[in-house]
Amino acid sequence: MLETSVGGLITIMLGGGLVEKDLLKMWGKSLKFVGRRDRVMKRWGQKVNLGLIEEAAMKSDYVSNCCCINDVTRGLVLFYQADNFQIDHNSQLKFWLKREGLLPNNASVPDTLIQLHELPLNCNGKIDRSQLEKILRELTHLKQIQL
């Protein structure tokens, strides 16, 4: 049984249960998988929870706020806000995340760490991931110009 919801996203009822984590969109007469509601993904055949990466980074002495996103070209990108913006903590933080054993597997270690003075917030005071993706595109564009 299918039920259409707001924005063309639908919910699927299977045997009385609800598949809540998958977002699907109707394209003509077929369904297309568009993503997940939670922030769990597969990487290198292993389950990676972006929220767990953020929790681990927040336990570091360097990080006051952070957000992890998955980018097609850069892989896992951890944006973080440090108490002392003058110091580049990228290598120390990456080493710390690997060493402390807070992440379940190597697939969960971020490929790129980017320190920002402040993380962008939306009108509800939550981290604005779309703005982080925009910042990442701009950084990628600048890096291509410098080469």
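In short, a report on the structure.

### Here we look at the nonpolar core
With 20 residues, the main nonpolar core has I53, L78, L93 and L97 as its most contacted residues. Of all the secondary-structure elements, those providing two or more residues to this core are helix 1 (50–58), strand 8 (63–71), strand 9 (75–82) and helix 2 (90–100). Core analysis: the next-biggest nonpolar cluster, separate from the first, contains ten residues, I114, L116, I127 and L132 among them.

### Side note on the packing of aromatic side chains
Counted by the stated rule, this structure contains zero aromatic pairs. The ring of W44 carries the charged tip of R43 above its face, separated from the ring centre by 4.2 Å.

### Things to note about unusual backbone geometry
Positive phi outside glycine occurs at W44, with the angle close to 55°. Looking at W44, the relative accessible area reads 60%, which means it is exposed.

### What to know about the state of the cysteines
Per the stated rule, a full pass over the model turns up zero disulfides. In this structure C66 is a free cysteine whose sulfur lies 7.4 Å from that of C67, the closest cysteine sulfur available. Judged by relative accessible area, which is 5%, C66 ranks as buried. C67 carries a free sulfur, and the closest cysteine sulfur to it, the one in C68, is 7.3 Å from it.

Criteria and cut-off values
- Residues numbered from 1 in each chain as written.
- Predicted model: local features only at pLDDT ≥ 70, side-chain atom pairs only at ≥ 80, totals over all residues.
- Heavy atoms only, no water.
- Core = buried A, V, L, I, M, F, W, Y, C linked by side-chain atoms within 4.5 Å.
- Buried < 20%, exposed > 50% of the residue type's maximum accessible area, 1.4 Å probe, protein only.
- Helix = DSSP H or I, 4+ residues; strand = E, 2+ residues; numbered from the N terminus.
- Phe/Tyr/Trp six-rings, centres within 6.5 Å; stacked < 30°, edge-to-face > 60°.
- Lys NZ or Arg CZ within 6 Å of the ring centre and 35° of its normal.
- Disulfide = S-S within 2.5 Å.

What is shown is where atoms sit, not what they do.
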